[in-house]
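# Descriptive structure summary
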Amino acid sequence: MGEHLVGRAEACGVFDDALVGLDRGRANAIALVGEPGIGKTRLLAELAARADGRGHLVLRGSATELERDLPFWVFVDALDEYMRSLAPQRFGALDDETRAALADVLPSLTRLAAPRRAVLQQDRYRVHAALRELLERLTATKPLVLLLDDLHWADSASVELFGALLRRPPDAAVLIGLTVRPRQMPERLLGALERAHRSGTLIRLDLGPLTRAEARQFLGEGVDGAAATALYEQSGGNPFYLEQLARSLAAERTAGVPVLSPADLDVPPAVAAALAEELALLSGGGRLVLQGAAVAGDPFEPELAAAAAAVPEALALEALDELLKLDLVRETEVPRRFRFRHPLVRRAVYESAPAGWRLGAHERSAEALASRGAPADECAHHVVRSARRGDPAAVATLREAGEAAAQRAPASAAAWLGHALRLLPETAPRGLRVELLLARARALGATGQFDDGHAALRESLALVPTESVALRVRLTTACAGIEHLLGRHDQAHARLASAMEDLSDRDSPEAAMLMIELAMDGFARMDYAQMRQWAERALTTARPLGDRPLTAAAAASLAFASAAGGATDAAETHRLEAVELVADLDDAEVAVRLDAAANLAGAELYLDHYEDAAARAERALSVARATGQSEYIPLAYSILGQAKLLRGRLAEAGALLDAAVERARLSGNVQALAGNLVNRSLTALAAGDLEIALATAQENVELTQRLDQSLICAAGVALAAALLEDGDPERSVEVLVHSSGGDELPLIPGMWRPRSLELLTRGWLAVGRRTEAARTAARAEALAAALRLHMAESMAERATAAVALDAGDPDHAAERALASAVAADEIAAPVEAALSRTLAGRALAQAGQPERATAELQRAATELHACGAVRYRNAADQQLRRLGHHVHRRTRPGQPDAVGVESLTARERQVAGLVVDRKTNPQIAEALFLSPKTVETHMRNLFRKLGVSSRVDVARLVERSDHAEEQARV
């Protein structure tokens, strides 16, 4: 009974199909969904057996109800022992960053990790990428089946990791099988499963009860027909309930049957009674050790169960034989590790133990773990269930666990720090309480719990005395930062202004800090005049103080403010000052004021200095990673992505912004997510991926509809651009005008406004409103004349050219379009220059100058091809065909006698770049307009030339080559 599989033919058929696909290299996921006891775990074992029969590597882990605070536990349970068994040479191909990220999750790999920089909270995606790569590498010799049982009990970090694996499945033969209870799934897990099911990357199987005939077969010949019918009625066809009730038929009632509440166990009363009867058959020592095991964990080690039960190890081992004989616990594949027969059995045992005894058992478990040198998080799990208020050792353990987990599992960190605060006595020093509150606020913010983090910061403020000016300013700016993230811009402004008003010394470093924050507050609220006023005051205040990082931050904020407000000459002057100040700072000083580098990068982006902006943003990111900070990472990533986009490095920009979107999703930062989605949409549009461009832009609009008015909400430009490209100019115009404050687009700052006016000009022309188009182009020209920036000039010239061409004046259109291309060339913006040349080619063709038209179109097509702007390149090629030219693109040969990446042809390099972007063969074929067979041929050539056997290795080599080229350029 219970050992053989009954029914479930549909599920077994799905298993077999998935395993066939796995043999062909296809990744997949299967979710078994059903109520407790319905047979999910048994089916997972069936999948394991079938996979093992095919020679696949099968790894299995279980989340457990009482260990939901242990970070990544279900993955540790599944992978750690197997990793421990592998020779270190198996990990030789992993770089230091990946090894270190894996060591954050799997204790067995700490031996491989070199000392490294701290991991950012928003860089949790690095752990996800590392685990994905590990799974891919484990398939080197055989497919991998990763089984995750009871995932509804998984900790937050495990749920995040699992969601990341569903969003971007391993690019290898990896099948993930999981079981979940529908009523106990956390919202994030439910959302991840639903999205994956809709996208086709996960198969969901909803399990129902056994039929009467199946139940009869399940019970076997030992149960007669009448009893089987009665058991079926009582169990409702639930296999575990059937099994448990059948066990009770043979059980002898004895005195002292433990009382088990059906409500506590979420089972019918008859099943609770049956479990109680089964436990009553135990000897006194057996029950005590079993209760100790329930406290120790699932799986458990006999030594820890003995410590929890306060019995000698010899007695525990003797009792273990009794427990195995009664099938209450079972052996695992790992020596000296045992599991309960079913989670409900463990819960019943745990609930049957007296509450006071459980307190002591958890305390003894914590002491035993500490004595063996276990990590603080393992001890913390028991400390929170047993510690007394005012226990300094318990507070220290929870604080250590929280600080250790903050980088990789902030949800667990927030919980442990919250418990530490609960245990603090009223007489605890204010400073300690403030430190714990600050740490908890950061952890809460990293998980998107901004309201709770905000409350922790406000509580901290209430504890800090008035004379502690520096700390109060720090807390105030942190509070305002969260209020901006929540879209409460007026509240943030009022808080900062009030703090400024209350400040007695207006010439202090704290005053300069508040002024910088008020300047960036103006940017968020699109009040660029206020932004510049506060930045000017900040720089005036900071200069005499002799604080170099603070002065650099003030100068950078003023350069950014001037550029955003369109004061180009002043912005350039302040930029040069900020460049000198920031360049003079060492990394330790930059770490003190990361905004100095980040805001300077923003100013340089607005002032056409794209390479400088990228270099500055990369420095901010590097220092932030090295020092474990994250406040300015969203801004720096956004700037870096935009700089790469404008320089025509579209694949790099897309990969970077994908990572930024992933970070924002992990942190729950809606403002950062919305901003990065805008830039991702614009990058996808330039690369010709209209589907991604539309999807990311639409998601951005949906997000910003829930926010107060801010710069992020004025970012309808991405959706407008995608809609125009998709053939919906009416809606494009409507979205752009509505989101940007009217047809003059006043809410869009700096040089982005002429770009958006050019887009609006094309929209007006597409709907046949020539008067509005001409007026918009004239606005762009006037603004470009005021800004005196090459990008603004390029956009204005192109808008005017489009109006002229539509009006039947191709000669004037060609002249202005070529002027636009020259202006874009001045700042090395190849995609924009090529788009202007494409327009010039059309105009020259209409003007009867086919040779000049051909020259401009060929140059445009070549530049767009080199940048990977496929859709725009195809448009240029189409114009060439209309002029009678046969377009056939030959790829450049690889360099003679070269090896590695240098030996690849241009087409092979394109394919490799898309492999880096994690595109599948069909997606590569679609992006490059190739047949799937051609892509397969290119992939074989890549493997041969690079001397590798997996897509992961291709991506790794190309990324290293790109990085080396970037370093060489620097």
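Analysis parameters
Residues numbered from 1 in each chain as written. Predicted model: local features only at pLDDT ≥ 70, side-chain atom pairs only at ≥ 80, totals over all residues. Heavy atoms only, no water. Helix = DSSP H or I, 4+ residues; strand = E, 2+ residues; numbered from the N terminus. Rg over C-alpha atoms; globule rule 2.2 N^0.38 Å. Buried < 20%, exposed > 50% of the residue type's maximum accessible area, 1.4 Å probe, protein only. Core = buried A, V, L, I, M, F, W, Y, C linked by side-chain atoms within 4.5 Å. Contact = heavy atoms within 4.5 Å. Pairing = 2+ DSSP bridges. Expected span 1.5 Å × (residues − 1). Axes fitted to C-alpha atoms, helices over the stretch in contact; angles between N-to-C directions. Phe/Tyr/Trp six-rings, centres within 6.5 Å; stacked < 30°, edge-to-face > 60°. Parallel < 35°, antiparallel > 145°, perpendicular 65-115°, else oblique. Left-handed = near helix turned anticlockwise from the far one by under 90°. Salt bridge = Lys/Arg side-chain N within 4 Å of Asp/Glu carboxyl O. Right-handed = clockwise from strand over helix to strand, strands pointing away. Polar contact = N/O pair within 3.5 Å; in protein donor to acceptor, adjacent residues only side chain to side chain.

Bringing the overall build of the protein into the picture now. Summing up its helical and strand segments, the protein has 48 helices and 7 strands in all. At 32 Å, the protein has a C-alpha radius of gyration in line with the 30 Å of a compact globule built from 970 residues. Dimensions of the protein, computed from the C-alpha atoms along their principal axes, are close to 100 × 75 × 55 Å. Out of the 970 residues in the protein, the part that is buried amounts to 56%.

Glancing now at the nonpolar core. Met500, Phe523, Met531, Leu605, Tyr606, Met791 and Tyr872 are the most contacted members of the largest nonpolar core, which has 120 residues in total. Other than its neighbours up to four places away in sequence, Met531 contacts Ala519, Met520, Gly522, Phe523, Phe560, Ala561 and Ala564. Grouped together as the second largest cluster of nonpolar side chains are 87 residues, Leu59, Ala63, Leu178 and Ala376 included.

With that out of the way, let us pick up the pairing of strand E1 (residues 28–33). Put simply, side chains in a regular strand alternate between the two faces of the sheet. Most of E1 is tucked away: 5 of the 6 residues are buried. As paired strands, E1 and strand E4 (residues 174–180) are joined by 6 bridges and run parallel to one another. Bridging across to E4, Ala31 finds its partner in Leu178. Here 4 bridges tie E1 to strand E5 (residues 203–206), and the two strands are oriented parallel to one another. Across the sheet, Ile30 pairs through a bridge with Ile203, a residue of E5.

Moving on: helix H44 (residues 870–882). Compared with an ideal rise of 1.5 Å per residue, which puts 13 residues at 18 Å, H44 spans 18 Å between its outermost C-alpha atoms and is within 8% of the ideal. Among the residues of H44, Val870, Tyr872, Arg873, Ala876, Asp877, Gln879 and Leu880 are the ones counted as buried. Among the residues trailing H44, Gly884 stands out with phi positive, at a value near 90°.

Turning our attention to the sheet that holds strand E2 (residues 57–62). Strand pairing within a sheet occurs via backbone hydrogen bonds; the two strands may be parallel or antiparallel. The strand order across the open sheet built from 5 strands is E2-E3-E4-E1-E5, with neighbouring strands paired in parallel fashion. Every interior strand has two partners, whereas the edge strands, E2 and E5, have only one. When strand polarity is set aside, the average angle formed by the axes of neighbouring strands in this sheet is 15°.

What follows deals with the packing of aromatic side chains. On inspection of all chains with the given rule, the structure shows 7 aromatic pairs. Each ring, one from Phe560 and one from Tyr606, has its centre 5.4 Å from the other, and the planes form 80°; the classification is edge-to-face. Here Phe560, found in helix H27 (residues 548–564), pairs with Tyr606, found in helix H30 (residues 594–606); they are 46 residues apart in sequence, far enough to count as distant. Of the two residues, Phe560 and Tyr606, neither departs from the other in class, the shared state being buried. Look at Tyr606 and Trp752: their rings are 6.2 Å apart centre to centre, the planes differ by 85°, and that puts the pair in the edge-to-face class. Of this pair, Tyr606 sits in helix H30 while Trp752 sits in helix H38 (residues 752–766), placing them 146 residues apart in sequence. An identical accessibility class is assigned to Tyr606 and Trp752; each is buried.

On to helix H40 (residues 790–806). Since the α-helix turns once every 3.6 residues, residues separated by three or four places project in the same direction. In a regular helix each residue adds 1.5 Å, so 17 residues correspond to 24 Å; H40 covers 24 Å between its end C-alpha atoms and thus fits that length. Most of H40 sits inside the fold, with 14 of its 17 residues counted as buried. Trailing H40 by a residue or two, Gly808 shows a phi angle of about 90°, which is positive.

Another aspect to go through is the environment of Arg755. With respect to the element layout, Arg755 can be found in helix H38. A residue is classified by how much of its surface remains accessible, and Arg755, at 19% relative accessible area, is buried. The spacing of Arg755 and Glu580 is 175 residues in sequence and 30 Å in space, taken between C-alpha atoms. If we ignore the near neighbours within four places in the chain, the residues touching Arg755 are Leu646, Met791, Met795 and Glu832.

With that out of the way, let us pick up the packing of helix H41 (residues 810–826) against helix H42 (residues 830–846). For the pair H41 and H42, the least separation of the axes is 8 Å and the interaxial angle reads 160°. By the angle between their directions, the pair H41 and H42 is classed as roughly antiparallel. Judged by the twist between their axes, the crossing of H41 over H42 is left-handed. Every residue of H42 that contacts H41 at Pro810, Ala813, Ala814, Ala817, Leu818, Ser820, Ala821, Ala824 and Asp825 is listed here: Glu832, Ala833, Ser836, Arg837, Leu839, Ala840, Ala843, Leu844 and Gln846.

Cis geometry is found at the peptide bond from Asp298 to Pro299, where omega equals 10°. With respect to the helices and strands, Pro299 occurs in the loop between helix H13 (284–296) and helix H14 (302–309). For Arg788, which is not glycine, the phi torsion reads 55° and is therefore positive. The residue Arg788 is located in the loop between helix H39 (770–787) and H40 in this model.

A few words on the pattern of salt bridges. Summed over all chains, the structure comprises 62 salt bridges. In this structure, Arg346 and Glu67 form a salt bridge, with 2.8 Å as the shortest nitrogen-oxygen distance. One end of the pair, Arg346, is in helix H16 (residues 343–352); the other, Glu67, is in the loop between E2 and helix H3 (73–85), and 279 residues separate them in sequence. Accessibility assignment for this pair places Arg346 and Glu67 in one class, buried. Close ionic contact of Arg385 with Asp69 constitutes a salt bridge, the shortest N to O distance being 3.7 Å. Of this pair, Arg385 sits in the loop between helix H18 (376–383) and helix H19 (392–405) while Asp69 sits in the loop between E2 and H3, and the two are 316 residues apart along the sequence. Owing to a relative accessible area of 28%, Arg385 belongs among the partly exposed residues under this scheme. Using a relative accessible area of 13% as the deciding quantity, one classes Asp69 as buried. Overlapping salt bridges bring together Glu572, Arg575, Glu604, Asp612 and Arg616 as one network.

Moving on to the pairing of E4. Counting buried positions over the 7 residues of E4 gives 7, a clear majority of the element. Side-chain alternation along E4 places Val174, Ile176, Leu178 and Val180 on one buried face and Leu175, Gly177 and Thr179 on a second face that is also buried. Sheet topology note: the strand E3 (residues 144–149)/E4 ladder contains 5 bridges and is parallel. Looking across to E4, one finds that Leu147 is bridged to Gly177. In this view, the connection linking E3 to its parallel neighbour E4 by way of helix H6 (residues 156–167) has right-handed handedness.

Right, let's get into the side chain of Ser386. Relative to the elements of secondary structure, Ser386 occurs in the loop between H18 and H19. On the basis of relative accessible area, Ser386 is assigned to the buried category, the value being 11%. Of the polar contacts made by the side chain of Ser386, one reaches the backbone oxygen of His382; its length is 3.0 Å.

Function cannot be inferred from these measures alone, as they are strictly geometric.
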